[in-house]
Amino acid sequence: MSEWTWTNDKLNQPINNYSLLMSVALIFLVMYSIVVILVFLSYGGSINEQFIIFLIFASIVIAIFIALIIYAHSRIKFMRRVATCLKEVKIKGKSVILDTANGTYTAKLNEVNICYGAIMRGVNPIAYNLFIRYQDLVYEIPELRPEDFGALRQFLRGYGMDLNECTDDLSRYVCMGQSQQQW
């Protein structure tokens, strides 16, 4: 059989997508805030029921834009942290080669635990987060495209190994050590 490889340069596309989301939300936030300020100034201090409803609606919309910006920023920050922990994963034959920030490790397939978490949009997964546990450390491959995940799953099935869904949220343990629960 051949090999399956992932490198952290594949994170550039999701990072760019979240950067675009953050930029668009910031632009809409600024434009919407200017409109709210202009409407507020046009009322000239008279407060009526319509104006209060407008302010409540404006507050909700501004909160949504701020939440989108915070979400995109936190995802970008997380993916950059993941990229510094794990540079490359190569599965060749019955061995796994992990090129990490702490060095390069080679292990047999039965020495590592691999599970996944699906990122769903509706009923279909749009991406997968893959978790690899080796020597009490958890490494994550975030935002793995469905076609790459399918290729990995098919590759591992050729060696009699199946990927299971994670029972624990392992993203909080990435590059920090073993989780307390089994998966």
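For the structure, check the block above.
Counting starts from 1 at the beginning of each chain's written sequence and moves along it residue by residue. Only residues with pLDDT of at least 70 are given local features in this predicted model, and only at 80 or more are side-chain atom pairs given and counted; all residues enter the totals for whole chains, interfaces and linings. Note that water and hydrogens are dropped before the side-chain values are worked out from all heavy atoms of the structure.

(A) Region of interest: the pairing of strand β5 (residues 113-121). At least two DSSP bridges between two strands are needed for those strands to be called paired. Runs of H or I in DSSP of at least four residues are treated as helices and runs of E of at least two as strands, each being numbered from the N terminus. One ladder, built from nine bridges, connects β5 with strand β6 (residues 124-134); its direction is antiparallel. Bridge assignment links Met120 to a residue of β6, and that residue is Pro125.

(B) Broad picture of the pattern of salt bridges. What makes a salt bridge here is a side-chain nitrogen of Lys or Arg within 4 Å of a carboxyl oxygen of Asp or Glu, nothing more. Counted under the stated rule, the structure contains six salt bridges. Note that Arg145 is salt-bridged to Glu147, the shortest N-O span being 2.8 Å. Salt bridges sharing common partners tie together Arg145, Glu147 and Asp148.

(C) Just helix α1 (residues 12-43), in detail. Between the first and last C-alpha of α1 there are 46 Å, a value that for 32 residues agrees with the 46 Å anticipated at 1.5 Å per step. If you check which residues of α1 are buried, you get Pro14, Ile15, Tyr18, Ala25, Leu29, Tyr32 and Val36. Residue contacts are counted whenever heavy atoms from the two residues lie within 4.5 Å of one another. Buried residues along α1 sit in contact with α2 (49-85) and β7 (137-144). In this analysis, the expected span of each helix is defined as 1.5 Å times one less than the number of residues it contains. Think of it in three bands: residues with accessible area under 20% of the maximum for their type are buried, residues over 50% are exposed, and the middle band is partly exposed, with areas taken using a 1.4 Å probe on protein chains only.

(D) Molecular detail of unusual backbone geometry. Although it is not a glycine, Glu143 adopts a positive phi angle of roughly 55 degrees. By the secondary structure assignment, Glu143 is in strand β7. For Glu143, a relative accessible area of 18% translates into the label buried.

(E) Representation of the state of the cysteines. A pair of sulfur atoms, both from cysteines and within 2.5 Å, is called a disulfide here. Scanning the entire structure with this criterion turns up one disulfide. Disulfide pairing places Cys115 opposite Cys166 at an S-S distance of 1.8 Å. Judged by the sign of its S-S torsion, about 95 degrees, the cystine formed by Cys115 and Cys166 is right-handed. Here Cys166 lies in the segment after β8 (164-165) and Cys115 lies in strand β5, a separation of 51 residues in the sequence. The same class applies to Cys115 as to Cys166, namely buried.

(F) Summary view of the sheet that holds strand β2 (residues 86-92). Here four strands make up an open sheet; going across it, the order is β1-β2-β3-β4 and the pairing antiparallel. The sheet is open, and its two edges are formed by β1 (3-7) and β4 (103-108), each paired on a single side. For this sheet, the mean inter-axis angle between neighbouring strands, taken without regard to orientation, is 10 degrees. In terms of strand pairing, β2 meets strand β3 (residues 95-100) through six bridges, oriented antiparallel. Bridging from a neighbouring strand, Lys92 pairs with Ser95 of β3. Whenever a helix is involved, its axis is fitted only over the stretch in contact; in every case the axis is a line through C-alpha atoms, and angles between N-to-C directions fall within 0 to 180 degrees.

(G) The arrangement of the environment of Ile66 in detail. Along the chain, the position of Ile66 falls in helix α2. Distance in space between the C-alpha atoms of Ile66 and Leu29 is 7.6 Å, their sequence separation being 37 residues.

(H) Spatial organisation of the packing of aromatic side chains. Stacked, tilted and edge-to-face pairs are distinguished by plane angle, under 30 degrees for stacked and over 60 for edge-to-face with tilted covering the rest, among Phe, Tyr and Trp rings (Trp via its six-membered ring) whose centres lie within 6.5 Å. According to the stated counting rule, one finds seven aromatic pairs in the structure shown. Look at Tyr128 and Phe149: their rings are 3.9 Å apart centre to centre, the planes differ by 15 degrees, and that puts the pair in the stacked class. Here Phe149 lies in helix α3 (residues 146-157) and Tyr128 lies in strand β6, a separation of 21 residues in the sequence. For the pair Tyr128 and Phe149, one class covers both residues: buried.

(I) Representation of the layout of surface pockets. With a 1 Å grid laid over protein atoms only, a set of points is called a cavity when a 1.4 Å probe fits there but cannot get out and a pocket when it is open yet has protein on both sides within 12 Å along at least five of seven lines; lining residues have an atom within 4 Å of a point. Grid points are joined across faces, edges and corners, and a volume is the space filled by probe spheres set on the points. Estimates place the volume of the largest pocket at around 430 Å³. Taken together, 18 residues form the lining of the largest pocket, with Pro14, Asn17, Ile126, Ala127 and Glu143 sitting closest to its centre. When the residues that make up the lining of the largest pocket are grouped by side-chain class, the tally is eleven nonpolar, two polar and five charged. Residue polarity follows a fixed list, in which Ala, Val, Leu, Ile, Met, Phe, Trp, Tyr, Cys and Pro are nonpolar, Asp, Glu, Lys and Arg are charged, and the others, Gly among them, are polar.

Function cannot be inferred from these measures alone, as they are strictly geometric.
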